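Okay, here's what each chain looks like letter by letter:
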Amino acid sequence: MTQLTPLRSSLVVNKVNDLRKKIKRLFFKDNGSVSIYAIMIILPIFLLNALLIDTLRILSAERQIDSAIDTALRSTMSQFSSELAGVGLFAYGGSDAGADFTTYLNDQFYEGADLSGTQNLSRPTITSATASFDNSRNLVDYDVFRHQVVESMKYQAPVQIGNDLFELLTNQNVNEEQVEEAQKLVENYEEILNLMKKRNTEIDKAIKQLEPYIRIVKKDIEDKIIGKPVSTDDEKIPESISTFQQMYFYLDRYEELKEKQEDEEEDDLTSDEQAEINSYETAMNPEHFKGIADVAIYHADIPPPLVGRNGSPKSPSSGSAKDYNDQIKDLIGEIEGLASELDEFTLNDDFFTEILENEDYIYESVRFDKQLQGTPTTESLGNLTVYELFLAFHVAIEAGNKLLADGVITELNSKLSKLEKNQIKKIETQMSKYDKVKKALENTDIEAEEEKADSSFGELWADLNKINDIKNQISGDNQLYAELDQIIAEYDGATGQGGDTEEPSRLQFITDAFERFKEFVAFIQGFPTSVRNELYVNEYIMANYGSKGPYELTKAESYAFSTKKAQYITYGYNTAGINYFMFLKDIALILFVGNLIGQALQGGFAGPLGFLKALAGALATTATDLHTLTTKDRLQWNPFKAFGGKGVPTNMPMFLRIMMAMKSTGETYNNEKMRRLQAVVTKETGVNLNSSPSYIEGNVQGRLKLWFIPQLAEVLPGNVEGSYYVFDKRKVYTY
């Protein structure tokens, strides 16, 4: 490269310095001209101001649209159903929500001429406005309906419930385990008494067969077959000869007459002599004593009532006396101290084994289906059964062997004596024990208390069952219940059932009573959290469709739907009068246990007599309490007196509140109750909740003319179309 000369280098430097001066004068001279730098600073400021102005206009327009939508939705939904509003519910009752919404919306925007001296610089233009209902959230929806009910009752319910109910249901020192123990004791007592009666009935059947069975061995064989020794000077064979002793005594006379009959040289027998022979030979027929000593006709019918036809003492058949006795022992064993209270009313297993084993031994000794093997001798008689000895006696008589016949009689007496002293005595000992047990249970005092308990229970149930006397007077309600069922079915709910008014057994009543009382106790343990949400629903029912008088058991109006709508909503039966009947039954069940449980918790009942007295007293008191409650609508009630609880004044509405709350702890029941409530609302107001919207959605589209550069507004959320900013708004409103 060519090396620059110093002169040339100097010229280049001078030219560069001149260029710098020119540029400096261009940017920094102060003779009033606008500089390019200032323009570059001011332009972004102007653009930012333009964006801010349009943004403020957009925000103002958006706020106007939001406010207009809110106002339009509220104004539209202000046309609610007055029929539903009368029962604290709200649903749209107008005719054209869409048109109403559009009208109300447009009325929110005005021109400059509408308000003199004003100018709206951010008025949007509405391009589209629609309103529609969400039909999945109509008033028939569980959540929507429940929400409205709760909202309408959140201030009224606490006042409506009152302090007495909270006093009863809170701060009660209830021991649920003690209630269960009392239930077990009462139910076991009642069931034991029933089982004892059933057991004794079966044993009586067996004894009815045992008594003639024993009599045969103990008396009939000796009296009617063996007979008493004959002592007479008259040698003639009597016409009534029948016993072995008679046959033994008259054997010589019989042989004498037979020899005379067979001897051709002798004169013919006289008619009297022939009659003697006939009488003797009639007695010789073995069939003669079968009708007297055939134990088989009784033997087959003794085991079935005791242990069952194919049962045994270790494995008795169901329904046999031993089966009932085993159940009794199991029930007694479940409760400490009960065995000593019921000792005199119980039977040990020995009762059954002793009777059956010894009865069977007797049968094997006397049975008539054995045949005599070989020719009997005096030495072999000890090995023969009673029946075989009968046959041996006839062999001896036919052979004219008086020595053998006498030996047979002696051996028979010996065997029968042994049977009586051993087997029969054991059987009779057990029968004697049973007789004491039976007499103890059939004690006149016990029977009297049993009759009182039965009478008290019968009277209580007769009071409850007064519905059968007046049901024809309220049969018109059945059509009303059918209509309610149709509404419930339309609302996709479970329709009602007929209900049962049949009288239960006393034991079933006791079981039902304790189960209901335990539900009551369990409910109290969790009150009010267990029914927090449903408490307001229940109070809504009471406020709008509550229980009304009369309550008397004999008045048809007491059972009518018109006075007991809340009972229908609570219980859900679709037969006239049944809902009030079920309500009364629940009250009686809880009252009964409250009256009985104190006795059970104070050390038991001291035997059947004490139990029956307590039972009869509790049933009678329950009937009295129920009568007081239904006639005076007021009762001082203390169901937890045994636990040291305090009593409170109660009435029928309070009891209904308790029953409703007790039942309202499960979702399934609560939904079914809700459907019945909705059906009643529809029936009373004539408004179909399926077409009663409570949830409206408004959709509005609008636009605002932008004053400056539209492209600048694209940085904002939303859409810009041409020179317009577009609004797309959606809002909902519900009661």
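The shown structure was predicted, so the numbers you read here are calculated from the model rather than taken from an experiment.

When helices and strands are tallied, the protein shows 31 helices and six strands. Residues classed as buried in the protein amount to 45% of the 735 residues present. Pairs at least 24 residues apart make up 75% of the contacts formed inside the protein by residues separated by at least 6 positions. By element, 47% of the accessible surface of the protein is carried by carbon and sulfur atoms, the whole surface being about 37,400 Å².

The next point concerns the pattern of salt bridges. Pairing is possible between side chains that carry opposite charge, provided their charged atoms lie close to one another. Summed over all chains, the structure comprises 38 salt bridges. Between Glu515 and Lys518 there is a salt bridge, and its shortest N-O distance comes to 3.5 Å. Taken together, the positions of Glu515 and Lys518, both in helix 23 (residues 506-526) and three residues apart, correspond to about one turn of that helix. Looking at Lys518, the relative accessible area reads 18%, which means it is buried. Several salt bridges converge on common partners, so that one network encompasses Glu190, Lys197, Glu450, Asp454 and Arg506.

By the definition in use, this model includes 25 aromatic pairs. Judged by centre distance (4.9 Å) and plane angle (85°), the ring pair of Phe249 and Tyr250 falls under edge-to-face. Judged by relative accessible area, Tyr250 falls into the buried class, the value being 7%. An aromatic cluster of three or more residues is present, and its members are Phe244, Phe368, Tyr387, Phe390 and Phe393. For Lys402, the ring lying beneath its charged end belongs to Tyr248, and the centroid distance is 4.7 Å. For the cation-ring pair, Lys564 lies above Tyr580, with the distance from its terminal atom to the ring centre recorded as 5.0 Å.

Here we take up the environment of Gly400. You can see Gly400 is positioned in the loop between helix 18 (386-399) and helix 19 (402-441). The class of Gly400 is partly exposed, set by a relative accessible area of 23%. Measuring from C-alpha to C-alpha, the distance between Gly400 and Asp252 comes to 8.2 Å, with 148 residues separating the pair along the chain. Residues contacting Gly400, with those up to four places away along its chain left out, are Leu251 and Glu255.

So, on to the packing of helix 8 (residues 176-226) against helix 17 (residues 349-366). Where helix 8 meets helix 17, the axes come as close as 12 Å, and the angle between the chain directions of the two elements is 40°. One way to sum up the angle between helix 8 and helix 17 is to call them oblique. Where helix 8 crosses over helix 17, the handedness of that crossing is left-handed. For the pair helix 8 and helix 17, the contacting residues are Ile203, Leu210, Tyr213, Val217 and Ile221 in the first and Phe351, Ile355, Glu359, Ile362, Tyr363 and Val366 in the second. Broken down by class, the residue content of the contact of helix 8 with helix 17 amounts to ten nonpolar, no polar and one charged.

Before going further, it helps to examine the pairing of strand 6 (residues 724-734). With eleven bridges joining them, strand 4 (residues 695-705) and strand 6 adopt antiparallel strand pairing. Residue pairing across strands places Leu704 opposite Tyr725, the latter belonging to strand 6.

A few words now on the sheet that holds strand 4. Strand order in the open sheet made by the four strands is 1-4-6-5, with antiparallel pairing throughout. Each end of this open sheet is capped by a strand with a single partner; those strands are strand 1 (125-133) and strand 5 (719-721). Between one strand axis and the next, the sheet turns through 25° on average, direction left out of account. Where strand 5 lies against strand 6, three bridges are found, and the strand directions are antiparallel. In the sheet register, Asn719 faces strand 6, and the bridge partner there is Val726. Against the sheet, helix 2 (residues 36-77) engages strand 1, strand 4 and strand 6, with an angle of about 30° to strand 6. Against the sheet, helix 4 (residues 97-106) makes contact with strand 1 and strand 4, and its axis sits at roughly 145° relative to strand 1, the strand it touches most.

Attention now moves to the packing of helix 17 against helix 19. Relative orientation of the contacting elements helix 17 and helix 19 amounts to 145°, with a least axis distance of 9 Å. For helix 17 against helix 19, the interelement crossing comes out left-handed. Residue-level contacts link Asp350, Phe351, Glu354, Ile355, Asn358, Glu359, Tyr361, Ile362, Ser365 and Val366 of helix 17 to Leu419, Gln423, Ile424, Lys426, Ile427, Gln430, Met431 and Tyr434 of helix 19. Along the lines of polarity and charge, the residues of the contact of helix 17 with helix 19 split into ten nonpolar, four polar and four charged.

Here we take up the environment of Asn595. Within the secondary structure, Asn595 is located in helix 27 (residues 578-601). Owing to a relative accessible area of 31%, Asn595 belongs among the partly exposed residues under this scheme. With residues near it in sequence (within four places) discarded, Asn595 still touches Ala618, Thr621, Thr622 and Asp625. A distance of 3.1 Å separates polar atoms of two side chains, one belonging to Asn595 and the other to Thr622.

Further remarks concern the side chain of Asn538. Here Asn538 lies in helix 24 (residues 532-545). On the basis of relative accessible area, Asn538 is assigned to the buried category, the value being 3%.

Conventions and cut-offs
- Residues numbered from 1 in each chain as written.
- Predicted model: local features only at pLDDT ≥ 70, side-chain atom pairs only at ≥ 80, totals over all residues.
- Heavy atoms only, no water.
- Helix = DSSP H or I, 4+ residues; strand = E, 2+ residues; numbered from the N terminus.
- Buried < 20%, exposed > 50% of the residue type's maximum accessible area, 1.4 Å probe, protein only.
- Contact = heavy atoms within 4.5 Å.
- Areas by Shrake-Rupley, 256 points an atom, 1.4 Å probe, with all protein chains shown as cover.
- Salt bridge = Lys/Arg side-chain N within 4 Å of Asp/Glu carboxyl O.
- Phe/Tyr/Trp six-rings, centres within 6.5 Å; stacked < 30°, edge-to-face > 60°.
- Lys NZ or Arg CZ within 6 Å of the ring centre and 35° of its normal.
- Axes fitted to C-alpha atoms, helices over the stretch in contact; angles between N-to-C directions.
- Parallel < 35°, antiparallel > 145°, perpendicular 65-115°, else oblique.
- Left-handed = near helix turned anticlockwise from the far one by under 90°.
- Nonpolar A, V, L, I, M, F, W, Y, C, P; charged D, E, K, R; others polar.
- Pairing = 2+ DSSP bridges.
- Polar contact = N/O pair within 3.5 Å; in protein donor to acceptor, adjacent residues only side chain to side chain.

In short, the description is geometric, and any link to function would need to be established separately.
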